[in-house]
Amino acid sequence: MKFWRYAYLDESELLTVPDGWKEPPFTKEDNPRGLLEESSFATLFPKYREAYLKECWPLVQKALADHHVKADLDLIEGSMTVSTSKKTFDPYSIIKARDLIKLLARSVPFEQAMRILQDDVACDIIKIGSLVRNRESFVKRRHRLIGPKGSTLKALELLTNCYVMVQGNTVSALGPYGGLKEVRKVVVDTMKNVHPIYNIKTLMIKRELSKDPELRMQSWERFLPNFKPKNLSKRKAPKKKVVKKEYTPFPPPQPESQVDKELASGEFFLKESQKRRKKIEEIKVKQAEALSKRQEERQKAFIPPKEKPVVKKQAVAISDKIDVQAIKEKVKKAKNKKLGAPPVAEVAQKDTANGKKRKKSKL
């Protein structure tokens with residue numbers, strides 16, 4: 001009876017989760033006897049994280065103690081270890097504790113890493129170091145993922161509801177399962193030289209389409225943008241383009257030998273004296289042609305060059321409109337003016353006259 005009831009249901013209805021539904025938490029009543037065996041996980045951390053981990057380790061131990069999981073920090077070996085105890089009842093809590101120490105080792109702050117202990121939160125550590133061979137290209141693409149002042153990373157966090165941390169050769173993401181899938185896709189595409197703005201634009205459109213209940217059961221391909229990759233090769237086109245000949249399965253024809261050429265022209269049947277005479281005539285014809293060319297080149301030196309036509313300069317005619325009387329008056333005025341310094345006698349007379357005037361004024 002149950003089989004026939006589900007047979008008439010649509011498959012998409014079975015896959016959809018009702019809005020507001022949340023899985024009930026795992027309590028001690030679900031597993032009262034606890035675990036049979038002890039499980040433990042350990043991970044190493046870099047030297048620069050030692051001071052931070054030493055400071056926040058009491059908080060980590062307190063948070064894991066609520067789930068009955070033990071945590072140890074070894075500063076000599078540089079490792080963190082989590083293990084279950086006899087009181088541990090949740091078998092998945094050790095997996096959550098393992099992810100917690102992994103996130104702390106990858107420079108995720110304790111406030112964000114603590115969210116991994118929630119049931120609806122997961123994490124994903126994406127290794128990007130091996131995706132790009134060239135180191136310069138890797139640094140550029142990693143910086144492209146972060147964006148100017150972290151704007152691209154912030155937009156990705158808002159659209160996926162995940163916390164994303166780029167550190168060294170890894171990208172740590174923390175959030176819901178659906179968001180982690182989108183974050184991994186964006187990170188991998190960015191490392192494959194696809195700009196993250198294309199995926200961010202697609203996520204924005206999907207976010208708006210998900211608000212419409214009518215479009216939930218339809219395909220969204222007609223709304224999503226289709227970005228075609230442009231492979232622009234920097235190789236310059238060759239000047240001489242070699243045109244390939246059409247392929248033929250038959251071999252090329254055999255070239256003619258000297259005997260075949262002589263048979264075709266009839267020279268094969270001539271006598272030796274006739275052949276010799278013909279060769280001498282051909283040599284004489286070639287010598288005559290070379291002599292004529294040589295004489296032409298010698299005669300070129302005796303050919304006068306073409307002269308340019310001489311352009312006669314037109315004499316500038318003096319116009320009759322010049323006022324002769326005005327010029328004469330200017331010359332007379334110039335003669336009347338005293339040009340240059342005055343003579344020495346006049347300067348002496350003026351100085352004596354000025355001295356007498358000064359004496360009278362003093363008296």
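Residues numbered from 1 in each chain as written. Predicted model: local features only at pLDDT ≥ 70, side-chain atom pairs only at ≥ 80, totals over all residues. Heavy atoms only, no water.

Novice: I'd like a rundown of the overall build of the protein, residues and numbers included.
Specialist: Counting secondary structure elements, the protein contains 13 helices and six strands. Accessible area for the protein stands at about 31,000 Å²; split by element, carbon and sulfur atoms hold 56% of it. (Helix = DSSP H or I, 4+ residues; strand = E, 2+ residues; numbered from the N terminus. Areas by Shrake-Rupley, 256 points an atom, 1.4 Å probe, with all protein chains shown as cover.)

Novice: An account of the environment of V108 is requested, with residue identities and associated values reported.
Specialist: The topology assignment puts V108 in the loop between α4 (93-105) and α5 (110-113). Here V108 falls in the buried class, since its relative accessible area comes to 1%. With 59 residues separating them in the primary sequence, V108 and Q167 have C-alpha atoms 8.9 Å apart. Filtering out sequence-adjacent residues up to four positions away, V108 remains in contact with R49, L103, A113, Y163, M165 and S172. (Buried < 20%, exposed > 50% of the residue type's maximum accessible area, 1.4 Å probe, protein only. Contact = heavy atoms within 4.5 Å.)

Novice: Before we move on, can you summarise the packing of aromatic side chains with the specific residues and values?
Specialist: Summed over the entire model, instances satisfying the criterion amount to two aromatic pairs. Ring centres 6.5 Å apart and planes at 10 degrees place the aromatic pair F26 and F89 in the stacked group. Pair noted here: F26 is in the loop between α2 (11-15) and β1 (40-44) and F89 is in the loop between β3 (79-84) and α4, with a separation of 63 residues, a long-range link. Judged by its relative accessible area of 36%, F26 is partly exposed. A relative accessible area of 16% means that F89 is categorised as buried. Where F268 meets F269, the ring centres are 5.6 Å apart and the plane angle is 90 degrees; that geometry is what we call edge-to-face. In this structure, R98 packs its charged tip against the face of F41, placed 5.5 Å from the ring centre. (Phe/Tyr/Trp six-rings, centres within 6.5 Å; stacked < 30°, edge-to-face > 60°. Lys NZ or Arg CZ within 6 Å of the ring centre and 35° of its normal.)

Novice: Before we move on, can you summarise the nonpolar core with the specific residues and values?
Specialist: Membership of the largest hydrophobic core comes to 27 residues, with the highest contact counts inside it found for V60, L64, M80, V82 and L104. Among residues more than four places away in sequence, those in contact with V82 are S39, S40, F41, L64, V69, K70, A71, I94, A97, R98 and I101. A122, L156, C162 and A173 belong to the second-largest nonpolar core, a separate cluster that totals 21 residues. (Core = buried A, V, L, I, M, F, W, Y, C linked by side-chain atoms within 4.5 Å.)

Novice: Tell me about the sheet that holds strand β5 (residues 163-167), residues and numbers included.
Specialist: Spatial ordering of the open sheet is given by β4-β6-β5, a layout of three strands whose pairing is antiparallel. Strands with a single pairing partner mark the edges of an open sheet, and in this sheet they are β4 (122-127) and β5. Strand-to-strand, the axes of this sheet are offset by a mean angle of 15 degrees, without reference to chain direction. Here β4 runs beside strand β6 (residues 170-175); their pairing, made up of six bridges, is antiparallel. The residue bridging C123 from the neighbouring strand is L174, located in β6. Against the sheet, helix α8 (residues 177-191) touches β4, β5 and β6, its axis set at about 10 degrees to β4. (Pairing = 2+ DSSP bridges. Axes fitted to C-alpha atoms, helices over the stretch in contact; angles between N-to-C directions.)

Novice: For the pattern of salt bridges, give the residues involved together with the corresponding values.
Specialist: For the structure shown, the criterion picks out six salt bridges. For the salt bridge of E50 with K47, the shortest nitrogen-to-oxygen distance reads 3.1 Å. With relative accessibility at 67%, the residue K47 sits in the exposed group. The partner of E267 in a salt bridge is K278, and the shortest N-O contact between them spans 3.3 Å. Linking E267 in the loop between α10 (258-265) and α11 (272-300) with K278 in helix α11, this pair joins segments that are 11 residues apart in sequence. (Salt bridge = Lys/Arg side-chain N within 4 Å of Asp/Glu carboxyl O.)

Novice: Please give an account of unusual backbone geometry that cites residues and values.
Specialist: The phi torsion of most residues other than glycine is negative, and most of the peptide bonds are trans. Phi is positive for H68, which is not a glycine, with a value near 60 degrees. A relative accessible area of 28% means that H68 is categorised as partly exposed. The backbone of S107 sits at a positive phi, close to 70 degrees, despite the residue not being glycine. Relative to the helices and strands, S107 is located in the loop between α4 and α5. When its relative accessible area of 10% is taken as the criterion, S107 is described as buried.

Novice: Which residues make up the pairing of β5, and what are the values?
Specialist: Summarising the sheet, β5 and β6 pair through five bridges and their orientation is antiparallel. What sits directly across from M165, in β6, is S172. Hairpin connection of β5 to β6: two residues between the antiparallel strands, including G168 at a positive phi of 65 degrees.

Novice: Before we move on, can you summarise the UniProt feature "coiled-coil region" (unreviewed entry) in the protein with the specific residues and values?
Specialist: The UniProt entry lists residues 271-300 under the feature "coiled-coil region" (unreviewed entry), expressed in the numbering used here. Helix makes up 97% of residues 271-300 and strand 0%, with an end-to-end C-alpha separation of 45 Å. (UniProt positions renumbered as here; feature names shortened; annotations may be inferred.)

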